[in-house]
Amino acid sequence: MARRKSPTESDEVLLKKLETRLAGTLKPIQPSSEFVRSLRERIRIPAHEEIVSRFREWRRLFFVFGGVMSGLLLVITLARALFHLAGRKDGM
């Protein structure tokens, strides 16, 4: 692995100049009240009952997913067993 070089004084000076220029270029703005309101609605913390119901849905989804995967594994196992048995009969 390549070693990282430690920052030199010229790198720090360049970084300071860049930060100063960006600080002058990027002026703070006041967002509209409509934007702030819609953002607060999106970020709201759901009620306890809503969180519990979401966990129940995830639990149900995992059970369904597990059932589908188990069924698929069973079908694949049966198909391989039949293929193996059919291949042995042809070889005799």
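Structure: above.
Visitor: Explain the overall build of the protein here, please?
Guide: Helix and strand counts for the protein come out as three helices and zero strands. Mapped in sequence order, the helices and strands of the protein form the string α-α-α. Considering the protein as a whole, with its 92 residues, one finds that 0% of them fall into the buried category. Carbon and sulfur atoms provide 65% of the accessible area of the protein, an area that totals close to 9800 Å².

Visitor: Before we go on, may I ask you to explain the packing of aromatic side chains in this structure?
Guide: Aromatic ring pairs: the centre-centre distance and the angle between the two ring planes describe each pair. Overall, the coordinates contain one aromatic pair when judged by the stated rule. Seen from their ring centres, Trp58 and Phe62 are 6.0 Å apart, and the 35° between their planes marks the pair as tilted. Of this pair, Trp58 and Phe62 both sit in helix α3 (residues 48-91), separated by four residues, roughly a single helical turn. Using a relative accessible area of 56% as the deciding quantity, one classes Phe62 as exposed.

Visitor: What should I look at first to understand the pattern of salt bridges in this one?
Guide: Where charged atoms from two side chains of opposite charge approach closely, those side chains can pair. In total, this model carries four salt bridges according to the counting rule given. Close ionic contact of Glu41 with Arg37 constitutes a salt bridge, the shortest N to O distance being 2.7 Å. Residue Glu41 and its partner Arg37 are both found in helix α2 (residues 33-43); the two are separated by four residues, about one turn of the helix. Of the charged contacts, one joins Glu50 and Arg54 as a salt bridge, the two residues approaching to 2.8 Å between their closest N and O atoms.

Visitor: Whenever I open this one, a nonpolar patch on the surface confuses me. Can you help?
Guide: A contiguous nonpolar patch, built from Leu15, Leu18, Leu22 and Leu26 and spanning about 390 Å² of accessible area, is present on the exposed surface. Residue placement: Leu22 occurs in helix α1 (residues 9-25). Residue Leu22 is classed as partly exposed on the basis of its relative accessible area of 41%.

Rules and cut-offs
Residues numbered from 1 in each chain as written. Predicted model: local features only at pLDDT ≥ 70, side-chain atom pairs only at ≥ 80, totals over all residues. Heavy atoms only, no water. Helix = DSSP H or I, 4+ residues; strand = E, 2+ residues; numbered from the N terminus. Buried < 20%, exposed > 50% of the residue type's maximum accessible area, 1.4 Å probe, protein only. Areas by Shrake-Rupley, 256 points an atom, 1.4 Å probe, with all protein chains shown as cover. Phe/Tyr/Trp six-rings, centres within 6.5 Å; stacked < 30°, edge-to-face > 60°. Salt bridge = Lys/Arg side-chain N within 4 Å of Asp/Glu carboxyl O. Patch = residues over 30% accessible without salt bridge, like charges linked within 9 Å, V, L, I, M, F, W, Y side chains within 5 Å.

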